[in-house]
Amino acid sequence: MTKNVGGIDRMIRIVVGAALLTWGITSGNWIGYIGIIPLFTGISGWCPAYCPFNISTCSSCCGGSKQCGEDKSQQPGN
């Protein structure tokens, strides 16, 4: 699993996920439990929704140019 979620993106996901979970728990609204998704993707550093579009906000992970599932060691010229 290649990381594709970078610094600011991760922090936003963690804060929003925690806020949604807190709201869901305190208000008793089950919709708030959807906060598990951004919280998990923020903590893990990997977002499955980014893969089909080859998006990476992680500049430190392989220079930000590594596409989802791509192994640079197998490319010609490396």
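Look up: the structure comes first, before these words.
What counts, and where the lines are drawn
Numbering of residues starts from 1 in every chain and runs along the sequence as written. Where local features are concerned, this predicted model is filtered to residues with pLDDT of at least 70; where side-chain atom pairs are given and counted, the filter is 80 or more; whole-chain, interface and lining totals use all residues. Water and hydrogen atoms were dropped before computing side-chain values, which therefore reflect all heavy atoms in the structure. Helix and strand definitions here come from DSSP, where helices need a minimum of 4 consecutive H or I residues and strands a minimum of 2 consecutive E residues; each element is numbered from the N-terminal end. Contacts: residue pairs with any heavy atoms within 4.5 Å of one another. Where accessible areas are quoted, they stem from the Shrake-Rupley method and a 1.4 Å probe; at the residue level, only the protein chains shown are allowed to cover. Only protein chains enter the accessibility calculation, which uses a 1.4 Å probe. A residue is then buried if its area is under 20% of the maximum for its type, exposed if over 50%, and partly exposed in between. Pairing of aromatic rings covers Phe, Tyr and Trp, the last through its six-membered ring, and needs centres within 6.5 Å; plane angles under 30 degrees mean stacked, over 60 mean edge-to-face, and all others mean tilted. A ring is scored as having a charge over it whenever the NZ atom of a lysine or the CZ atom of an arginine sits within 6 Å of its centre and within 35 degrees of its normal. Patch membership is restricted to residues that have no salt bridge and whose relative accessible area is over 30%. Joining uses 9 Å for like charges and 5 Å for the nonpolar side chains Val, Leu, Ile, Met, Phe, Trp and Tyr. When a carboxyl oxygen of Asp or Glu lies within 4 Å of a side-chain nitrogen of Lys or Arg, that pair is called a salt bridge.

**Student:** Before we move on, can you summarise the overall build of the protein chain with the specific residues and values?
**Tutor:** A tally of regular secondary structure across the protein chain gives two helices and zero strands. Partitioning the intrachain contacts of the protein chain with sequence separation of at least 6 by distance along the chain shows that 56% fall at a separation of at least 24. Within the structure as shown, the protein chain displays about 5200 Å² of accessible surface, and the carbon and sulfur contribution to it stands at 67%.

**Student:** Could you give an account of helix 2 (residues 36–44), with specific residues and numbers?
**Tutor:** What helix 2 keeps buried is the set P38, T41, G42 and S44. Where helix 2 is buried, its residues touch helix 1 (7–27). Immediately downstream of helix 2, the backbone of G45 shows phi near 80°, a positive value.

**Student:** Summarise the environment of P48; cite the residues concerned and give the values.
**Tutor:** Examined against the element boundaries, P48 turns out to sit in the segment after helix 2. Judged by relative accessible area, P48 falls into the partly exposed class, the value being 44%. Through-space distance from the C-alpha of P48 to that of M1 is 9.6 Å; in sequence the pair is 47 residues apart.

**Student:** Mind laying out the packing of aromatic side chains, listing which residues take part and the relevant values?
**Tutor:** The description of an aromatic ring pair rests on the distance of the ring centres and on the angle between the ring planes. Here the structure, examined in full by the defined rule, presents zero aromatic pairs. Taking NZ or CZ as reference, R13 lies 5.1 Å from the ring centre of Y50, over its face.

**Student:** Give me the lowdown on a nonpolar patch on the surface, citing residues and values where you can.
**Tutor:** On the surface, W23, I25, W30, I31, Y33, I34, I36 and I37 cluster together to form a nonpolar patch covering roughly 910 Å² of accessible area. Taken together, the elements giving at least two residues each to the nonpolar patch come down to helix 1 and helix 2. The residue I37 is located in helix 2 in this model.

**Student:** So, unusual backbone geometry: which residues are in play, and what are the values?
**Tutor:** Despite not being glycine, N54 shows a phi value in the positive range, around 50°. When you line up the elements, N54 lands in the segment after helix 2. With a relative accessible area of 40%, N54 lands in the partly exposed category.

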